[in-house]
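# Structural characterization, general
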Amino acid sequence: MTERDPNCLFCRIVVGEIPSDRLLEDDRVVVFRDVNPQAPTHVLAIPRAHIGSLADLDDDDGELLAALFGALRRVAEDGGITDYRVISNVGAGAGQSVFHLHIHLLAGRPMSWPPG
Ligand code: AMP
């Protein structure tokens, strides 16, 4: 984990160099709307620190994970959203395109399974 990678899109969103539609933030986490939504509600929860993906977490990162999922739970509660899907793509082969850890929350349409 590094605090910031100046070439990382989401690090630049964290510091406000790139605008974002933020729903919630605290000292560890920022939640903002996905610029290319795949559902009526599509938000991303990211750590402020630069972490490439879930694969880069350590065993002692439980508090950060709790903060990320807790932030998404609060966004859902605040939006009256009861049915939703959370996803984190790890690696290009799984669909990851931004290499700064993010958890997607999608809601507002029927979800099929398995995902493509
Ligand atoms: P993934 O493909 O799982 O790495 O997800 C990356 C997500 O970031 C995609 O859903 C993109 O639409 C989203 N995204 C890319 N650039 C921005 C941006 N500037 N603001 C908000 N979301 C973005």
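Higher on the page you've got the structure.
A short tour of the structure in this document, coming up. Just so you know, these numbers come straight off a predicted model, no measurement behind them. (Residues numbered from 1 in each chain as written. Predicted model: local features only at pLDDT ≥ 70, side-chain atom pairs only at ≥ 80, totals over all residues. Heavy atoms only, no water.)

### Looking at the site of the ligand
Where we set the bar: Any residue with a heavy atom positioned within 4 Å of a molecule or strand is treated as near that molecule or strand. By the criterion applied in these results, polar contacts are pairs of N or O atoms within 3.5 Å in which, for protein atoms, one can donate a hydrogen and the other can accept it, and in which residues neighboring in sequence qualify only through two side-chain atoms. Note that accessible areas follow from Shrake-Rupley with a 1.4 Å probe, and for residues the cover is restricted to the protein chains shown. Cavities and pockets are found on a 1 Å grid laid over the protein atoms alone: a cavity is a set of points where a 1.4 Å probe fits but cannot escape, a pocket is an open set with protein on both sides within 12 Å along at least five of seven lines, and a lining residue has an atom within 4 Å of such a point. Those molecules having more than half of their atoms within 2 Å of a cavity or pocket grid point set are described as sitting in that cavity or pocket. Elements are defined by DSSP. Helices are runs of H or I of four residues or more, strands are runs of E of two residues or more, and each kind is numbered from the N terminus. Gly falls in the polar group here, along with every residue not listed as nonpolar (Ala, Val, Leu, Ile, Met, Phe, Trp, Tyr, Cys, Pro) or charged (Asp, Glu, Lys, Arg).
Asp34, Asn89, Gly95, Ser97 and His102 are the nearest of the 16 residues found near the ligand. Between an oxygen atom of the ligand and a side-chain N or O atom of asparagine 89, the distance comes to 2.8 Å. The fraction of the free accessible surface of the ligand (500 Å²) that becomes covered by protein chains is 83%. If you map the ligand onto the pockets, it falls in the largest pocket. Counting residues per element, the ones that place at least two in the shell around the ligand are α1 (9-14) and β2 (29-33). If you tally residues by element for the shell around the ligand, the top one is α1, at 3 residues. Within the shell around the ligand, the residues separate by chemical class into 7 nonpolar, 7 polar and 2 charged.

### Describing a negative patch on the surface
The condition is simple: Residues enter patches when they are more than 30% accessible in relative terms and free of salt bridges; like-charged ones are connected within 9 Å and nonpolar ones (Val, Leu, Ile, Met, Phe, Trp, Tyr) within 5 Å. Salt bridges are defined by distance alone: a side-chain nitrogen of Lys or Arg within 4 Å of a carboxyl oxygen of Asp or Glu. The charge count treats Lys and Arg as positive and Asp and Glu as negative. His and the chain ends do not count. Here the site of a charge means atom NZ of a Lys, CZ of an Arg, CG of an Asp or CD of a Glu.
Taken together, the side chains of Asp56, Asp58, Asp59 and Asp60 define an acidic patch exposed on the protein surface. Among the structural elements, aspartate 58 can be located in the loop between β3 (41-47) and α2 (62-78).

### Notes on the nonpolar core
We apply this condition: Only buried residues count toward a nonpolar core. Its members are Ala, Val, Leu, Ile, Met, Phe, Trp, Tyr and Cys residues joined through side-chain atoms within 4.5 Å. Summary of the burial criterion: residues with accessible area below 20% of their type's maximum are buried, those above 50% are exposed, and those between are partly exposed, where the area comes from a 1.4 Å probe applied to protein chains only.
Counting 19 residues, the largest nonpolar core has Val29, Val31, Leu68 and Leu72 as its most contacted members. Mapped by element, the contributors of at least two residues to this core are β2, β3, α2 and β5 (103-107). The dominant element in this core, judged by the number of residues it contributes, is α2, at 7 residues. Ranked by size, the runner-up nonpolar core spans 10 residues in total, among them Cys8, Phe32, Leu44 and Ile46.

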